[in-house]
Amino acid sequence: MLKNDTAWTLLRLVLAGLIAAHGWARLFAGAVPPFGTWLEGQGFPFGAAIAWGITLLEIGGTVLLAVRRFVLPLTLVYAAIYAMGIVLVHAKAGWFVVGLGRNGAEYSVLLIACLLCVGLQSRGK
């Protein structure tokens, strides 16, 4: 059986890897400018700046998350970003990501729950 700290560390590192992959994929695919344009189309001012900020936070912030720095604030910000993704994109597609649906909210809900658990667990450490 894994010790509690080992299990939390594993979950924190997996989350850091998943979120970093999201940011790096957007960067390497050249998808940051289209993301910014899409955000502006949704009514957000400074869509390009927001898109770059989210992308850089997903890349750089996950390094801090992996080395256990600023865990609570980072997890709260990531949870807010993915909650907004549910509101703007995934809720309209339903619940399931694959199978009975496409591009739904279930993966984002799981990420948010894991992020909040890791963030709350880190308090006082």
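Each remark here, short or long, concerns the structure printed above.
Now for a quick tour of the structure.

Quick notes on the rules
- Along each chain, residues carry numbers from 1 onward, in the same order as the chain's sequence is written.
- Totals for whole chains, interfaces and linings use every residue, but because this is a predicted model, local features are given only for residues with pLDDT of at least 70 and side-chain atom pairs only at 80 or more, for both listing and counting.
- Excluded from the side-chain calculations are hydrogens and water; all other atoms, namely the structure's heavy atoms, are used.
- Under the DSSP-based scheme used, a helix requires at least four consecutive residues in state H or I and a strand at least two consecutive residues in state E, with every element numbered from the N terminus.
- Only C-alpha atoms enter the radius of gyration; for comparison, a globular chain is expected to reach 2.2 Å times N to the power 0.38, where N is the number of residues.
- Accessible area is worked out with a 1.4 Å probe on protein chains only. A residue is then buried under 20% of its type maximum, exposed over 50%, and partly exposed in between.
- Contacts: residue pairs with any heavy atoms within 4.5 Å of one another.
- Note on areas: Shrake-Rupley with a 1.4 Å probe; residue coverage comes only from the protein chains shown.
- None of His or the chain ends enter the tally, which takes Lys and Arg as positive and Asp and Glu as negative.
- Every charge is mapped to an atom, namely NZ of Lys, CZ of Arg, CG of Asp or CD of Glu.
- Pairing of aromatic side chains here covers Phe, Tyr and the six-membered ring of Trp, requires ring centres within 6.5 Å, and sorts the geometry by plane angle: under 30 degrees stacked, over 60 edge-to-face, intermediate tilted.
- Throughout this description, the term salt bridge denotes a Lys or Arg side-chain nitrogen within 4 Å of a carboxyl oxygen of Asp or Glu.
- Residue count minus one, scaled by 1.5 Å, sets the expected span of a helix.

1. Observations regarding the overall build of the chain
Line of reasoning, step 1. Summing up its helical and strand segments, the chain has five helices and zero strands in all.
Line of reasoning, step 2. Taken over C-alpha atoms, the radius of gyration comes to 15 Å for the chain, in line with the 14 Å a tight globule of 125 residues would show.
Line of reasoning, step 3. Dimensions of the chain along its principal axes, counting C-alpha atoms only, are 45 × 35 × 25 Å.
Line of reasoning, step 4. Going through the 125 residues of the chain one by one, you find that 33% of them count as buried.
Line of reasoning, step 5. Put simply, 56% of the contacts in the chain that link residues at least 6 apart link residues at least 24 apart.
Line of reasoning, step 6. On the chain, roughly 7400 Å² of surface is accessible, and the fraction owed to carbon and sulfur atoms is 73%.
Line of reasoning, step 7. Side chains of the chain carry 9 positive and 4 negative charges; the gap between the two charge centres is 9 Å.

2. Considerations on the packing of aromatic side chains
Each aromatic ring pair is specified by the distance between its two centres and by the angle formed by the two planes.
Line of reasoning, step 1. Enumeration according to the criterion identifies one aromatic pair in this entry.
Line of reasoning, step 2. Measuring from centroid to centroid gives 5.4 Å for W24 and F28, while their planes differ by 25°, and the two rings are stacked. Of this pair, W24 and F28 both sit in helix α1 (residues 4–28), four residues apart, which is roughly one turn of the helix.

3. So, the side chain of R26
Line of reasoning, step 1. Along the polypeptide, R26 turns up in helix α1.
Line of reasoning, step 2. Apart from residues no more than four positions distant in its own chain, R26 is found in contact with A31, V32, F35, I54, T55 and E58.

4. Here's the deal with the pattern of salt bridges
Line of reasoning, step 1. Taken as a whole and assessed by the stated rule, the structure comprises one salt bridge.
Line of reasoning, step 2. Notably, a salt bridge pairs E58 with R26, separated by 2.7 Å at the nearest N-O pair. With a gap of 32 residues between them, E58 in helix α3 (residues 47–66) and R26 in helix α1 connect regions that are remote in the sequence.

5. Examining α1
Line of reasoning, step 1. Its 25 residues place the ends of α1 36 Å apart at the C-alpha level, agreeing with the 36 Å of an ideal helix rising 1.5 Å per residue.
Line of reasoning, step 2. For α1, the complete set of buried residues consists of R12, L15, A16, I19, A20, G23 and R26.
Line of reasoning, step 3. For α1, the secondary structure elements touched by its buried residues are α2 (32–41), α3, α4 (71–90) and α5 (106–122).
Line of reasoning, step 4. Positive backbone phi, approximately 70°, marks G30, located one or two places after α1.

Geometric descriptors of this kind do not, in isolation, establish any biological role.
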